Amino acid sequence: MNRDSTDTAAPSNFIKDIIEEDRKNNKNDGRVATRFPPEPNGYLHIGHAKSICLNFGIASEYQGTCNLRFDDTNPTTEEVKYVESIKSDIRWLGFDWGDRLYYASDYFEKLYQYAVQLIKDGKAYVCSLSEDEIKDYRGDYYKKARESPYCSRPVDESLELLERMRAGEFEEGAHVLRAKIDINSPNMNMRDPIIYRIRKERHHRTGDKWCIYPMYDFAHCLSDSLEGITHSICTLEFEDHRPLYDWFLDELAVDCHPQQIEFARLNLSYTVMSKRKLLELVEQRHVSGWDDPRMPTVSGLRRRGYTPESIRNFCERIGVAKADSMVDVALLEYCLREDLNERAPRVMGVLRPLRVVIDNLPEGQVEEFDAPYHPTDPSFGSRKVPFSRVLYIEREDFREDPPGKWFRLAPGREVRLRYACIIKCVDVVKDEKTEEVVELHCTWDPESRGGNPPDGRKIKGTLHWVSADHSLEAEVRLYDRLFTKANPLEEKNGSDFTAQINPESLEILKSCRVEPSLAGAKPESKYQFERLGYFCVDPVDSTGERLVFNRTVPLRDTWAKIEKAQLEADRRK
RNA sequence: UGGGGAGUGGGCUAACGGCAAGCCACCUGACUCUGGAUCAGGCGAUUGUAGGUUCGAAUCCUACCUCCCCAGCCA
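Residues numbered from 1 in each chain as written. Chains lettered and ligands numbered in written order. Predicted model: local features only at pLDDT ≥ 70, side-chain atom pairs only at ≥ 80, totals over all residues. Heavy atoms only, no water.

> Account for the nonpolar core, with residues named and values stated.
With 38 residues, the main nonpolar core has I46, I90, I311 and F314 as its most contacted residues. Put simply, the parts of the chain that give this core at least two residues each are α2 (46-61), β2 (65-70), α3 (80-93), α10 (298-304), α11 (308-318) and α12 (329-343). Dropping the residues within four chain positions of it, I46 is found in contact with L266, L268, M273, P296, L301, I311, F314 and L332. One finds M165, M190, Y213 and F248 within the second-largest nonpolar core, a separate group that totals 36 residues. (Core = buried A, V, L, I, M, F, W, Y, C linked by side-chain atoms within 4.5 Å. Buried < 20%, exposed > 50% of the residue type's maximum accessible area, 1.4 Å probe, protein only. Helix = DSSP H or I, 4+ residues; strand = E, 2+ residues; numbered from the N terminus. Contact = heavy atoms within 4.5 Å.)

Structure representation (structure tokens):
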């Protein structure tokens, strides 16, 4: 393969640079092994997707492996349901861990033995201080620490106590196992960190077998080592933990000492990413659940209609670096449209129907027009769309008093109905009281069958439409950004981030009309409603009787920009 | 106050002492039976600041400024 000429090669980044350097030096015999280590205590979001793409992507790029390992060392918060949802989300994203599914809990016995070894080597001790005392003894950024009175507890005594901790002889909090490192280290993580605590709690995999559980810092590095990981990629906040990661592996003299590398986690504009805040949105009912289409969770994006390809592509484009940053959600939407443009069949649906009567088409007469499902890819095929006396067009496609550059319908004006024919507006029927336009009368030009007038006159505007009698009713949910501020956390005078929630992030339209070919559309199937945007069949609420579509993302709307500019210009006058 | 990191057009990322590049956003124009897509072009960076080394600095050195992370028996 000619690497210089490939235009599809994933861009490089500082992590790949490190790996390439390692391979050049034949470190790890040139082997590359990564892992994705979620804690099963919540749902995956697009920030995790970045990490997944990175870890699995690097593995495949260097003919290496990427393990899926659940970091399940805290039974208090972890559950099987999360394990299942995480697995399904990763699979949906398009990654495969083969037979390399692991759990930190698989290593509990080995980890225990490592802990015993640390005690024997005089590098760990059982501390019997209370939680508050430990905190107090540990000091803070400016206050010196004091050594635990138990730090020189005899090895035998610690050994015996740890055994009895394991046997369940003590209550939670009575003792902990601590590494003996440096109680006055400027790095708080090194001030004799706790490595085992008593938790009399049932673990989702090991049941009641254990009542002591290892802490992250102890379990993670050793799990990596046991799995032969070469590059342990994590986020920036673990940078301070790296000396500890290395300390355990050095002191225990393990064969495999992976290199921890930290990168900046993903922040996306107009949303929040922390588990805590997402949970808050769910619990306070600001959204319908973890899979609400406005959520940045993988399940939310999926329900919204995002494709795995678009997410993977996005993750590739944003790059990987160490600087805190916030990516514009417009890039995500761009990646989505790019993908959907190629794969979504085109159909017609009218969101806010306006009745149009074709005066010169007799009642009962039905014309049929052939409409391709895709403008450039003939393999999508085509369908027939019925055209009859009463139609619906989009309410916003008609203006009684049109502004400049308007080339949609208006009194006396001609417009093309997509795939069908040219119509001319001859009359406007209004509600006597409200002045609201309730119906349009038009004539069609039978000579323009197929869409083009035989005399060659130019018709600028093309509208989407449906035949009233043939169309199907559908509910359409218009989703928009969840927050009105690019960074909802940038709260002014301590106001809560939920105060920035966009009150218009969801608009439900119940009386939309869609073309008949959509009957029986499958859950999660994606369509472009011409001129409107991409929509997908809601997998939860859509049924055979009642179609429900989610708007995934609108089409780029140049007209909206023009109109906005015009309005602003008028306002300045 | 201690420790660990990071600062490159509006956003994200590149450059590895030698012409600051790409993508998104934004703006033109062409084309078009989607005001979509596509195509062509454009705007926009004294690389956080101030010094220094060098023929030459985003890159090396010094000082400073700003932002982020750390005081869980969470991960």
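Now that the structure has been shown, we can carry on.
> Describe the packing of helix α7 (residues 216-226) against helix α8 (residues 242-251), naming the residues involved and giving the relevant values.
Packing of α7 against α8 brings their axes to within 9 Å, and their N-to-C directions diverge by 60 degrees. Comparing the axis directions of α7 and α8 gives the class oblique. Crossing of α7 over α8 shows right-handed handedness. Here D217, F218, H220, C221, L222, D224 and S225 of α7 lie close against α8, whose contacting residues are L244, Y245, F248 and L249. (Axes fitted to C-alpha atoms, helices over the stretch in contact; angles between N-to-C directions. Parallel < 35°, antiparallel > 145°, perpendicular 65-115°, else oblique. Left-handed = near helix turned anticlockwise from the far one by under 90°.)

> Residues and numbers for the pairing of strand β5 (residues 176-179), please.
Burial of the side chains of β5 extends over both faces: V176 and R178 are buried on one face and L177 and A179 on the other. Two elements, β5 and strand β6 (residues 194-198), share three bridges in a ladder whose sense is antiparallel. Residue pairing in the sheet places V176 in a bridge with R197 of β6. (Pairing = 2+ DSSP bridges.)

> Explain unusual backbone geometry residue by residue, including any values.
Glycine aside, residues mostly have negative phi angles, and peptide bonds mostly take the trans form. Phi is positive for N26, which is not a glycine, with a value near 55 degrees. Tracing the sequence through the fold places N26 in the loop between α1 (14-24) and β1 (33-36). A relative accessible area of 46% places N26 in the partly exposed class. A positive phi angle is found at E524, which is not glycine, with a value near 70 degrees. Summarising the element assignment, E524 is placed in the loop between β22 (506-514) and β23 (526-529).

> Requested: an account of the protein's contact with RNA strand B, with residues and values cited.
With respect to spatial proximity, 67 residues lie near RNA strand B, and among them Y142, R346, G450, Q528 and T558 are the closest. Within the contact set of RNA strand B, a phosphate oxygen lies 2.8 Å away from a side-chain nitrogen or oxygen of Y334. Breaking the surface near RNA strand B down by element, the ones donating at least two residues are α5 (131-138), β6, α11, α12 and α13 (558-572). Broken down by class, the residue content of the surface near RNA strand B amounts to 28 nonpolar, 14 polar and 25 charged. (Near = heavy atom within 4 Å. Polar contact = N/O pair within 3.5 Å; in protein donor to acceptor, adjacent residues only side chain to side chain. Nonpolar A, V, L, I, M, F, W, Y, C, P; charged D, E, K, R; others polar.)

> Tell me what's going on with helix α9 (residues 275-283), and back it up with residues and numbers.
Along α9, the residues that are buried comprise K277, L278, E280, L281 and V282. The positive-phi residue at the C-terminal boundary of α9 is R285, with phi of around 60 degrees.

> Can you break down the pattern of salt bridges residue by residue, with the values?
Note on pairing: side chains with opposite charge can pair once their charged atoms come close. Under the criterion given, the structure shown has 50 salt bridges. E524 serves as the salt-bridge partner of R302, at 2.9 Å between the closest nitrogen and oxygen. Separated by 222 residues along the polypeptide, R302 in helix α10 and E524 in the loop between β22 and β23 bring together distant segments of the chain. For R302, a relative accessible area of 26% puts it in the partly exposed group. It is possible to trace a salt-bridge network through shared partners that takes in D291, R303, E475, R477, K510, D538, D541 and R546. (Salt bridge = Lys/Arg side-chain N within 4 Å of Asp/Glu carboxyl O.)

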